[in-house]
Amino acid sequence: MGPVVNNILVIKLMTALDFRSNTMQCNSLLVVAVVLSVVAVADSLSNERPPTIALDNQKIEIPFKTTETIVLLCQGDGLPLPVYSWKKNGLTLDVPGDRFAYQPGSGNLVIRGILPNDEGSYNCFATNKFGTAVGRTITLKKADIGSFTDEEPLDAFRPFVGDYLEIPCILPDSYPKGHSYFGYVNPTSNILENIINDDRLLLDYDGNLHFANVNMNDSLAYMGIDIDYMCIGNNPYLGIYMMGRQCRILPQEKSGGPTNHPPQLRWPLTTIDTAVRGQTKRLKCIFSGLPTPKVTWHTENRNGRFAVNGAEIVLTNVDILDAGSYTCMATNSETDQPLSHTIHLTVETEPYWAKIPVDHYVDEDEDVEVDCTVHGTPQPSITWSINGVQVNESDFHERKSLDGYILRYQNVTANDSQVIQCSSSNKHGTILKNIIVKVNAEEPSFIETPRDRKVVEGKTIHFECTSRGAPKPSMEWYRQNSSSASRVSGDRFRVLDNGRKLEIKDTKAEDAGIYQCTASNKYRTNEATFELTVRSPTSITSIPSNITVRVYDDVTLPCDVTTDHRELANLAVEWEKDGRRIDFEKEAHIHMDKTDFSLQIRSSKVKDTGEYVCTATNGLDSATSGISVLRVKGRPDAPYDVTIFQCDPDTVGISWSAGSDNNDEITEFTIHYSGRLSGGNKTLSGADFRPQSRYQDHVSVYPWSRYAFQVSATNGIGTSDLSEELGQSCITPSAAPYRSPVGVCGNLSSAQQLVINWDPMPEYEHNGEGFHYVVGYKKHGTYDVEETQVVLDPRQKSISIHEQKESFALFEVYVRAANKIGKGPLTETKLVRSGEGKPQVVPQNFKVVGDSVNGSFAQFSWDPVDTSEEKVRGFFRGYRIVFWKSDEPNIRRSEDILVDRPFELCRPLLPDKHDRIQRRRRRHRHRVRSADRVYGETDQLWPLTDISAAVQVLNQVNAGQDSNVVKFRTPVGVPGKVSSLRVVQNGWSHLVIEWQLPLEFTGDIIGYWLYYSVAPPAVSYSTRLHIKNPNLRRYKIRQLDYSTVYRISMTAMTVAGAGDEETVIGETLPVNDPDAPKIRDISIHDSLVNISWFPSDQEPPVYPGSEFFVKFRGPDNSTAVQRFDPSPDSDDLWAVVTGLRKGKYEVWVVASSGIGELSRENNSQSWILPIGLENDNVTILESVPLLYQQASVGWFVVLMCIISLLVLLLLIICIVRRTREAVYPVYEKERMWSDQTSAPDETPFGEYISPSKLGLSQGSLDSDENPVESDSDSLGEYEYQEATKFNDEGSFAGQSN
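Because the structure is a prediction, the values reported are computed rather than measured.

**What to know about the overall build of the protein chain**
Next, step 1: Scanning the protein chain for helices and strands turns up 6 helices and 99 strands.
Next, step 2: Counted over contacts in the protein chain with a minimum sequence separation of 6, partners at least 24 positions apart contribute 67%.

**Quick look at the sheet that holds strand β55 (residues 590-592)**
Sheet strands pair by backbone hydrogen bonding; their relative direction is either parallel or antiparallel.
Next, step 1: Ordered in space as β51-β56-β55, the 3 strands form an open sheet in which the pairing is antiparallel. The open sheet is flanked by β51 (555-557) and β55, the only strands paired with a single partner. The sheet shows a mean angle of 15 degrees between the axes of neighbouring strands, taken without regard to direction.
Next, step 2: In terms of strand pairing, β55 meets strand β56 (residues 599-601) through 3 bridges, oriented antiparallel. Counted as the bridge partner of His591 is Gln600 from β56.

**Re the side chain of Thr466**
Next, step 1: With respect to the helices and strands, the residue Thr466 is situated in strand β42 (residues 466-470).
Next, step 2: Sequence-distant contacts of Thr466, that is, excluding residues within four places in its chain, are made with Phe446, Ile447, Glu448 and Arg500.

**A word on the nonpolar core**
Next, step 1: With 23 residues, the main nonpolar core has Leu72, Trp86, Leu109, Ile111, Tyr122 and Leu140 as its most contacted residues.
Next, step 2: Of all the secondary structure elements, the ones that give two or more residues to this core are β2 (61-64), β3 (70-72), β5 (83-88), β8 (109-111), β9 (120-128) and β11 (138-142).
Next, step 3: Take this core: its biggest share by element is 3 residues, from β9.
Next, step 4: One finds Phe860, Trp862, Val872 and Phe876 within the second-largest nonpolar core, a separate group that totals 22 residues.

**Remarks on the pairing of strand β15 (residues 179-185)**
Next, step 1: Relative to strand β19 (residues 229-235), β15 runs antiparallel, the two being bridged by 5 bridges. Paired with Ser180 across the two strands is Gly233, which belongs to β19.
Next, step 2: When β15 meets strand β16 (residues 192-194), the two strands line up antiparallel, connected through 3 bridges. For Val185, the partnering residue across the bridge sits in β16 and is Leu192.

**Observations regarding the packing of aromatic side chains**
Next, step 1: Under the definition given, this model contains 26 aromatic pairs.
Next, step 2: Centre to centre, the rings of Trp477 and Phe530 are 6.0 Å apart; their planes meet at 80 degrees, and the pair counts as edge-to-face. Taken together, the residues Trp477 in strand β43 (residues 474-480) and Phe530 in strand β48 (residues 525-535) connect sequence positions 53 residues apart. For the pair Trp477 and Phe530, one class covers both residues: buried.
Next, step 3: The interplanar angle of 65 degrees and the centroid separation of 5.2 Å between the aromatic rings of Trp862 and Tyr879 together place this pair among those described as edge-to-face. In this pair, Trp862 is assigned in strand β75 (residues 858-862) and Tyr879 in strand β76 (residues 876-885), connecting sequence segments 17 residues apart. In this structure, Trp862 and Tyr879 share a single accessibility class: buried.
Next, step 4: Among the aromatic residues, ring-to-ring pairing joins Phe846, Phe860, Trp862, Phe876, Tyr879 and Phe968 into one connected group.
Next, step 5: Positioned over the ring face of Tyr237 is Lys65, at 5.3 Å from the centre of the ring.
Next, step 6: Across from the ring centre of Phe463, 5.5 Å away, lies the NZ or CZ of Arg453, which sits over that ring.

**Points about the pattern of salt bridges**
Next, step 1: Counted under the stated rule, the structure contains 41 salt bridges.
Next, step 2: Where Lys454 meets Glu567, a salt bridge forms, and the shortest distance between an N and an O atom there is 3.2 Å. With Lys454 in strand β40 (residues 453-456) and Glu567 in the loop between β52 (561-562) and β53 (572-577), this pair connects stretches of sequence that are 113 residues apart.
Next, step 3: Judged by relative accessible area, Glu567 falls into the buried class, the value being 2%.
Next, step 4: A salt bridge links Asp721 to Arg635; its shortest N-O distance comes to 3.0 Å. Taken as a pair, Asp721 in the loop between β65 (706-715) and β66 (730-731) and Arg635 in the loop between β59 (628-633) and β60 (640-647) lie far apart in primary sequence, 86 residues in all.
Next, step 5: Each of Glu369, Asp403 and Arg408 takes part in one network of salt bridges that share partners.

**As for the sheet that holds strand β23 (residues 281-284)**
Next, step 1: Spatially, the 3 strands line up as an open sheet ordered β23-β27-β26, and their pairing is antiparallel. What marks the edges here is a single partner per strand, and that holds for β23 and β26 (306-309). Ignoring strand direction, the axes of neighbouring strands in this sheet form an average angle of 15 degrees.
Next, step 2: Pairing geometry for β23 and strand β27 (residues 312-315), over 4 bridges, is antiparallel. Residue pairing in the sheet places Lys284 in a bridge with Glu312 of β27.

**Description of the pairing of β19**
Next, step 1: Of all 7 residues in β19, 7 are buried, a share of seventy percent or more.
Next, step 2: Neither face of β19 is left uncovered, since the one carrying Tyr229, Cys231, Gly233 and Asn235 and the one carrying Met230, Ile232 and Asn234 both have all their residues buried.
Next, step 3: Looking at chain direction, β19 and strand β20 (residues 240-247) are connected through 6 bridges and run antiparallel. In the sheet register, Gly233 faces β20, and the bridge partner there is Met242.

**Comments concerning the state of the cysteines**
Next, step 1: In total, this model carries 7 disulfides according to the counting rule given.
Next, step 2: Cys74 shares a disulfide with Cys124; S-S distance 1.7 Å. Across the S-S bond of Cys74 and Cys124 the torsion is about -55 degrees, and the bridge reads as left-handed. On the criterion of sequence distance, the pair formed by Cys74 in the loop between β3 and β4 (76-79) and Cys124 in strand β9 is long-range, its members being 50 residues apart.
Next, step 3: A relative accessible area of 0% means that Cys74 is categorised as buried.

**Let's talk about the side chain of Asn767**
Next, step 1: Within the secondary structure, Asn767 sits in the loop between β68 (754-757) and β69 (772-779).
Next, step 2: Look at Asn767 and you get buried, because its relative accessible area is 1%.
Next, step 3: Once residues lying within four places of it in the same chain are set aside, the contact partners of Asn767 are Tyr702, Pro703, Trp704, Ser734, Ala735, Ala736, Pro737, Tyr738 and Asn819.

**What to know about a nonpolar patch on the surface**
Next, step 1: Side chains of Val1207, Leu1208, Leu1211 and Ile1212 sit close together on the surface and give an oily, nonpolar patch of about 330 Å² of accessible area.
Next, step 2: Positionally, Leu1211 belongs in helix α4 (residues 1193-1220).
Next, step 3: The exposure class of Leu1211 is partly exposed, given its relative accessible area of 41%.

**What about the environment of Thr316?**
Next, step 1: Examined against the element boundaries, Thr316 turns out to sit in the loop between β27 and β28 (324-331).
Next, step 2: A residue is classified by how much of its surface remains accessible, and Thr316, at 41% relative accessible area, is partly exposed.
Next, step 3: Taking the C-alpha atoms as reference points, Thr316 and Arg277, 39 residues apart in sequence, are found 9.5 Å from one another.
Next, step 4: Among all residues touching Thr316, those that are not within four sequence positions of it are Gln279, Thr280 and Arg305.

**A look at unusual backbone geometry**
Next, step 1: Cis geometry is adopted by the peptide bond preceding Pro268, which originates at Trp267 and carries an omega value of 0 degrees.
Next, step 2: You can see Pro268 is positioned in the loop between β21 (261-267) and β22 (272-276).
Next, step 3: That bond from Leu290 to Pro291 is cis: its omega, -5 degrees, falls within 30 degrees of zero.
Next, step 4: Of note, the phi angle at Ser603 is positive, near 50 degrees, even though the residue is not glycine.
Next, step 5: Residue placement: Ser603 occurs in the loop between β56 and β57 (610-617).
Next, step 6: Given a relative accessible area of 38%, Ser603 falls into the partly exposed group.
Next, step 7: Not every positive phi belongs to a glycine, and Phe808 is a case in point at roughly 60 degrees.

The rules behind these values
- Residues numbered from 1 in each chain as written.
- Predicted model: local features only at pLDDT ≥ 70, side-chain atom pairs only at ≥ 80, totals over all residues.
- Heavy atoms only, no water.
- Helix = DSSP H or I, 4+ residues; strand = E, 2+ residues; numbered from the N terminus.
- Contact = heavy atoms within 4.5 Å.
- Pairing = 2+ DSSP bridges.
- Axes fitted to C-alpha atoms, helices over the stretch in contact; angles between N-to-C directions.
- Core = buried A, V, L, I, M, F, W, Y, C linked by side-chain atoms within 4.5 Å.
- Buried < 20%, exposed > 50% of the residue type's maximum accessible area, 1.4 Å probe, protein only.
- Phe/Tyr/Trp six-rings, centres within 6.5 Å; stacked < 30°, edge-to-face > 60°.
- Lys NZ or Arg CZ within 6 Å of the ring centre and 35° of its normal.
- Salt bridge = Lys/Arg side-chain N within 4 Å of Asp/Glu carboxyl O.
- Disulfide = S-S within 2.5 Å.
- Patch = residues over 30% accessible without salt bridge, like charges linked within 9 Å, V, L, I, M, F, W, Y side chains within 5 Å.
- Areas by Shrake-Rupley, 256 points an atom, 1.4 Å probe, with all protein chains shown as cover.

Right, here's the structure in full:
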């Protein structure tokens, strides 16, 4: 039984056993062990085989040396393992014996200490119950070499120089066959050296040495000593050299010298030779002659497997095709025709099988033919043996017969199992083949049984059931019903391959059930059972689609799968792209949805283009969707293989190959080129090209430059990267300039000089080395000779001709480009004037017009002048009003009154035209009222200043003399923009701004207008505030919305009106808890407390409060809140709490966001204040500077009165100073502002000075002014307010911003 059947049997046995109890388990295990043993024995029996011997590794002849150890190989195989035996010369050897033994694990025969009488023929035999195999006959022979015959030494040979000579050598017998050669003993080294064969000295195959011609050197004389030749025999197996008799050669010279003679054949004298296939064959021809003959060979052998070495030809691995004629030909100078000798070579063969005999494994009652057809030359004989015993004629009968090379058996039985030896021999060798005949007789057993299978409806399924047995079993198929089994039948059921296969076509659900196959022969019937399960098919219902997307788009490909519900657990879905399964681990941007099996491609790439197929399988069947074609468009790949095929001075030819268009047709190519001095792009698109494998175009370039090129491609998605930079570049040849400079003109700035200007040419237009300009000129309207000057600097753009003696003269000029190659074309010749002089005409009757003067403006009039070129000494340009402060005449301002009078400074030279310029007047910015008077005005005057003014005539370069001077005084002017307007503090509901006075003084500032609205600004501001205090520089805007951007503008005012607006953007903070205030100083008196604080305990403030108030808790533990209405234009954060009784008070400051319902508060650290108590009872809760000033209320009142008197005195001084100085210079005002902003010792806005450092306490402010005007009435406005006063009721007053 085969292994598969055995395993099935064991599994069925184990399934049939009951393991419900320990006892039963033990019994069951014992049964299984017995069954396994039986199965193993049966399996080994089924694998039994007759013996064999490996013949290929057996040598036929083995030489030996006495006393050594020899191993004769005999490696056999078979089951049961064979038993080995050896025979010598047909007699069985006693192995193991004294000197004979087997190598362990084999039949190899080991002979130790081998003796000469161990020579003979040895045969190996391997035998088991099926027969005997025989090994090759191995001949053992003792290695030996005989001695040369005891002949007398030869006399010396005395040939004439040039004659032929043969030295004979009769070699001794040798086994294995030895080699022979001639040599001599070197007298200096006493070493045996070979005679080197060449075309003159040749050794034949019998060992004789031939001299084609003798020369004097053949004597081997050394220092006057003649040396002997000797014949040497060698047995390489034994490593023995035998030396034969010695002889000398004493060449004799003929009178008159040697005589040349033609070639003559010396060896061989036969014309027929024989070779054996597979061996090496040598053919040699030896000729005599003088000069030494040259030997060549000719043969009709086209096999080609031979080599020619002078007089010898060598055929290796001789083949039948090598048979034929081989002709050697000898020539020298003494013969016109070569002397030839032909050898006819025949090729014989050892015996070989026509077809290698094969083993026969047959069943009982079959016939067997053992074919041992053999070939060979000569024809070999054949010998038959069975199990090592030669067959005689008496061994044949009606069931066994011999027909030439074929041995026949009929109706074999189990007794006919044997090993047949077929041996064939001829004179070249013997071949042997062991042929196994094994006759099987056994009951049926299964090699392969059908397994339980599942199939999908509509499919065809095959079951295979193979068996063995002898005779061969017959196979039948059955289907089990409820009570019995019936043979399968019907159109859909077919039994194939001699019963080995059952085919069920177009399976249906009712085909499910238990089936059975049986194997029967004369010994018994065996059966195997299996089950067929039928399932519903798997299908994919999604429709294939063709999708085109852009690169980086997301793509979803559906795969709607249905399968039999009983196979859902086995369902597996895979996606393929272009026939290859998608590896989702490598393609991280692609994944399959586990719920609906759709393919999700995120940020698709061009490489995702392809044909997609989803395949679903449940292990039974599979379904494949149609092909969905995805096309991802991307920008093209960069072009490649960019080459330059043309390089001319002004044109370069470029060719390239397009890269992949990445699924969107390329619409254009752009050639990017860059040279040493120039570069650019050229686009090839639309009708300029059609799709092709190679593109080309031409690019216009400049001479004398090195250009490099790259190409990019564009499609509907984008533009590719640039192609790789070329390893080559185009160096364009030099050429003369293609053009000359343009923009040739003059310059009127230098009187009595001709200044010629031009536009320098860029370096890339120089076109070669030695670039320069040639400037030509002559006076217009004369016959003067043209003069030229060379300008060598290519960057130079003008030249001055100094020798001119008159101003505003007309010249014909040109500028021409040139280099070492030549000159460029003359682009243009221009009429150019020399430099203008100073106008010689002065305006008259210059006056101020009526009451036109204000703070910065005045209008003037004067008489017109003669504007001819002779008077103006150039092109008339207009007038210039000059004015200055009367007390500072060196500081002047001016206002030009220009006329729009066209003039041609540089015009082309046209011979048919007049040299006359059309002129017309048009006032620029100002106007001319009439032909009798000219009017002009300026708005650049200084306010409140004594002004002096005059007017001048202008040409294009110069101004004339001043006219008569007029004097007048300007009034107060409108102010400029306020300076340094900025937001210095942001809160939830407030913004604090700061500013400075306008930079230029135009009069006293009397107030400001403040505008603000939500940004971006509406048509008009939503709120306008009038700040009447001109000294104010800081303002707090309140009641704003949180997290809002505001546009804030401010204008300054003088008595002349409001100036221009200055604007700043500010943003309120989002709602959050305000920073806790930080108390700065506290001054304590008998019944009042003066408190100041910082707006935040952080620097800088993060979320400063918008409003502040003071809370205090008295001795009776009651809490009170002091609120006050702060002024928006005050910098101080302080408060005074009055009317306090004796005792301890806890005081703290509260910051509020001040935005109504969303208002949030935060407290400062609290203080314990002793009112009317000793300092020892004070408790300090925060370690900040604290000043306790115990003073009476009377002293405080006196101190405040003194401060009031000082303030009044300062006001009086200021008024007197202002009265004395109606105006003050701008530089004085600027100096004052600079001092205010730069003095390091002054306190900036937002900082506070401790009252203790000033030696006084800070009080509240009361306003005596009227309330501010407001368009919105949303905020209170306050003017400047005086120092603090306490009211009579002792209540709280204070300031906050």
